[in-house]
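# Fold and geometry: a report
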Amino acid sequence: MSYAILTDLTRCIGCQACALACKEINELPKEDGALKLSATTWTMVEKRHDVFIRHQCFHCLEPTCVSVCPVTALEKTQEGPVIYHEDRCIGCRYCIMACPFEIPKYEWDSVLPRVQKCIMCYQKRVSLGEQPACTSVCPTGATVFGQRDQLIAQAQQRLQNHPNRYVNHIYGVHEAGGTSVLYLSDIPFDQLGFKHARSDEAYPKLTWNILSQIPSVAGVGGVMMFGLWWIINRRITLEQEQKKNNSKSPDSNQKKTP
Amino acid sequence: MKLKLPQLTFWRVVAGIIYVIGLYATFLRFGKGLGASTNLSDEFPWGIWIGFDVMVGVGLAAGGFIIAATVHIFNLEQYKAIARPTILTAFLGYSLVIVALLFDLGRPYRIWHPLIMWNPHSVMFEVAWCVTLYTMVLALEFSPIFFERFNLKVPLKWVRAIYLPVVILGVILSTLHQSSLGTLYVIVPDKLHGLWYSPFLPVFFFITAIAAGLAMTIFESFLSYRAFGKRIELDILVGISRVIVVVLSVFLVLKLQDLSHRGNLPLMFEFTQESVLFWGELGLGTMLPVGLLLIPKIRENERGLFFCALLVLLGFILGRLNVSITGMLNTETYFPKWTEIAITTAIVTLGFTIFSIVVKNFPVFPLEDLETMPLSAHEKNPVFSVRLVLGMWGLLLIAMIALALAKKNELNHQVPQAALLNRTVNPLEQKLEYPPPFEFPPGKDSPGLVIFDHEKHNEYQERPDCKPCHVDMFGLVIITNVPAITHEMLDKGELCGKCHTGSGNENESFGVTKEADNCDSCHEEENGE
Ligand code: SF4
Ligand code: SF4
Ligand code: SF4
């Protein structure tokens, strides 16, 4: 059982109430006006071609950011949210570089910077059994919180009941291996700039396929090199012994030194 | 060792200036943070400190494990003469990579975290471990030189006893992390340009690192000769150049095969900035030196050999930068700031300085193994010639012109400028769940509570419009922060006074002046009045 957020773009009126609620609950400064996602704006509504699109972290089922972080500073919780442990982060910014949705942001102006992004109100709401601040204030019910499978069923229901209202796709069911933030839209998603995230396999598999070879590479390589050394060394020793026997000079079989 | 004041030479003055600028840049980096000292951004989080200092630095230091393996595992004794300078270069290289990382990490004092907080799924975790261990291995491999210098017999014996396993460990660790630097980019299939993205990046990184490491030994040998009058026999270097030809040919075949397999060969022939950079890497930096080295007259000539090694190195550097910077998404937003360049330059210079100090004080070049040549003024310059310098500048010029003419970056994910969209849905035609009515805090002589009702206010409007009250996106807060609204404020046209001007016009909202005599429109009537 994991939670998710469903955002229905046909219902979003662009009031930014979610963006405001997010700033309030996370005590983020409001001066920057929330024109795009940043370290101080974790969600905002962007108007693209007459459509209001709410941006936030997708909380991928198999998050790229979690897989690349060398120190497990990012974590996919059981409940669904992908959260950040500030005290572990070394600031390598691999998560920012790797996230297919370009979500995590960095506090560039700070001397001790943190990675910042939507954490689905994990500590303050979801882990206490409440819904996130942003979904709780939406005046149209465009963005709602719930169990992921129930939300998907609900979205499918809407697609069935209003086939003319929606494009027949729930963004986030398969994208990037599945995400915990889902979208419905009346305009094809690619025209709205939604990423063509690969859906055949989640991103972390790409590198795991390679990383999981390491033990065998290391083992086989080590044994092979030792074998090679042994064979070559043996041959040289034999040659030297032969020479020694031939010339009978006792001093030519000295051990090699590095 | 007598303490002597170093003489002022031209290069020392240059180095001094570089260090001073580097120190100031260091102060900016740690005093003001990454934002102030770099041109990095959320769009482009990895710059030249990663793309050049780490990616290129580690690759150029690859000679260390190759030569160590050649001498100690394959027992090719004739290469022993270059083992020590190469290992020294590698050890310095890795140490400086770690220094560069301290600049790049947002929290450098936590650089040790990967050693105790494990995430085996992270390529960077693996690189961190391998680089740490390999730097220790290099220190061990270098230690006999140190022990010999100070005549420490006992530790020397110990190190020699474990030397072979250490060398083997070094080869394994190097193989792993040289390739893993490529694996770092396997997770960004949508962000790296098709000419470079491939699941085989680790293989390419490994092969090119071998070529670069070997080219570096040739390059270094000539520079050492120039600086210290110590040189490795030409035979050995020619032998190395043969290996480079084989390695680079393998790389060429695999790379082209991979491109055609992924259907990306046509990208090579589009005249874009990427394809120009690609040809710089593959044409000038790989095919050209391979072709030249196949000609015995060039291969066996000092200048020819040096020129080819230089080409291989430049090709390698370009190749790494192509993956880490110019081929990446949003590269057009990034050009290194002067601070980034200053620190990189200072780190490279530091490498040269330490190298020359160590060479002067430790038995790095075992003299008996080397041809020592007297440095006559004329001979001091065996590899730099006018033709060589002109040749390099010529190539660079051609590349620059091509780059300037080529089509701008392609990999630029922008929202498609779709033809005007026909929205059939109007989100405003739906029932809104307004926030609950809102109570304004009452002032001193308020005749009754003022309650703002979203629903009522929107009923009077043709379409819900939040803007008049929510001035900017977060204007709501401004209202809630007001302790109590006074009529003076409203008279000045602030807050409710914006709309409730009371001009008498039928479409306008009613006035809220004290004289308007309609208090109960807003104020709840108090009980008993
Ligand atoms: S959208 Fe990006 S930051 Fe959010 S969970 Fe997925 S990979 Fe992580
Ligand atoms: S910047 Fe921090 S959270 Fe992101 S990958 Fe690096 S250590 Fe992990
Ligand atoms: S879930 Fe919480 S953190 Fe995420 S956007 Fe909503 S309010 Fe902000």
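Criteria and thresholds
- Residues numbered from 1 in each chain as written.
- Chains lettered and ligands numbered in written order.
- Predicted model: local features only at pLDDT ≥ 70, side-chain atom pairs only at ≥ 80, totals over all residues.
- Heavy atoms only, no water.
- Near = heavy atom within 4 Å.
- Nonpolar A, V, L, I, M, F, W, Y, C, P; charged D, E, K, R; others polar.
- Axes fitted to C-alpha atoms, helices over the stretch in contact; angles between N-to-C directions.
- Helix = DSSP H or I, 4+ residues; strand = E, 2+ residues; numbered from the N terminus.
- Parallel < 35°, antiparallel > 145°, perpendicular 65-115°, else oblique.
- Left-handed = near helix turned anticlockwise from the far one by under 90°.
- Contact = heavy atoms within 4.5 Å.
- Patch = residues over 30% accessible without salt bridge, like charges linked within 9 Å, V, L, I, M, F, W, Y side chains within 5 Å.
- Areas by Shrake-Rupley, 256 points an atom, 1.4 Å probe, with all protein chains shown as cover.
- Salt bridge = Lys/Arg side-chain N within 4 Å of Asp/Glu carboxyl O.
- Buried < 20%, exposed > 50% of the residue type's maximum accessible area, 1.4 Å probe, protein only.
- pLDDT = per-residue confidence, 0-100.
- Buried area = accessible area lost by both parts, 1.4 Å probe.
- Polar contact = N/O pair within 3.5 Å; in protein donor to acceptor, adjacent residues only side chain to side chain.

## Overview of the site of ligand 3
By nearness alone, every residue bordering ligand 3 is listed as A:Cys22, A:Asn26, A:Trp42, A:Thr43, A:Arg54, A:Cys118, A:Ile119, A:Met120, A:Cys121, A:Pro132, A:Ala133 and A:Cys134. Tallied by class, the residues present in the shell around ligand 3 amount to nine nonpolar, two polar and one charged.

## Comments concerning the site of ligand 2
The immediate surroundings of ligand 2 are formed by 13 residues, with A:Cys69, A:Cys89, A:Cys92, A:Arg93 and A:Cys95 found nearest. For the shell around ligand 2, the class distribution of residues is 11 nonpolar, one polar and one charged.

## Points about the packing of helix α3 (residues 48-60) of chain B against helix α5 (residues 80-104) of chain B
Residues and elements named next belong to chain B. Here α3 crosses α5 at 165 degrees, and the two axes come no closer than 9 Å. Considering their axes alone, α3 and α5 lie roughly antiparallel with respect to each other. Where α3 crosses over α5, the handedness of that crossing is left-handed. Here α3 contributes Trp 49, Ile 50, Asp 53, Val 54, Gly 57 and Val 58 to the contact with α5, which in turn contributes Tyr 94, Val 97, Ala 100, Leu 101, Phe 103 and Asp 104. Tallied by class, residues from the contact of α3 with α5 come to nine nonpolar, one polar and two charged.

## What about a nonpolar patch on the surface?
Residues and elements named next belong to chain B. A grouping of Leu 8, Val 13, Ile 17, Ile 21, Tyr 24, Phe 27 and Trp 338 is seen on the molecular surface, where their side chains present a nonpolar patch of about 750 Å² in accessible area. Note that Ile 21 resides in helix α1 (residues 10-32). What makes Ile 21 partly exposed here is its relative accessible area of 39%.

## Digging into the confidence of the model for chain B
Residues and elements named next belong to chain B. With 84% of its residues at a pLDDT of 70 or more, chain B shows a mean pLDDT of 83. Below a pLDDT of 50 lies the segment residues 374-378, which in the model reaches six contacts outside its immediate sequence neighbourhood of four places, other chains included. Both confidence scores are given for the complex: pTM 0.87, ipTM 0.89.

## Comments concerning the pattern of salt bridges
Applying the stated rule across the entire model yields 16 salt bridges over all chains. In this structure, the salt-bridge partner of B:Arg423 is A:Asp186, at a minimum N-O distance of 2.9 Å. One end of the pair, B:Arg423, is in the loop between α17 (386-405) and β3 (438-440); the other, A:Asp186, is in the loop between β9 (181-184) and α6 (203-211), on a second chain. One connected set of salt bridges, linked through shared partners, spans A:Glu86, A:Glu107, A:Arg114 and B:Arg107.

## Quick look at the interface of chain B and chain A
Between chain B and chain A, the contact holds 78 residues from the first and 86 residues from the second. Between chain B and chain A the total buried area reaches about 7,100 Å² when both faces are included, carbon and sulfur atoms providing 65% of it. Seen at the junction of chain B and chain A, the total is four salt bridges. Inspection of the chain B/chain A interface yields 27 residue pairs in polar contact (both at pLDDT 80 or more). Of all the secondary structure elements, the ones that give two or more residues to the side of chain B that touches chain A are α1, α2 (34-37), α5, α6 (113-116), α7 (123-149), α9 (163-183) and α19 (475-481) of chain B.

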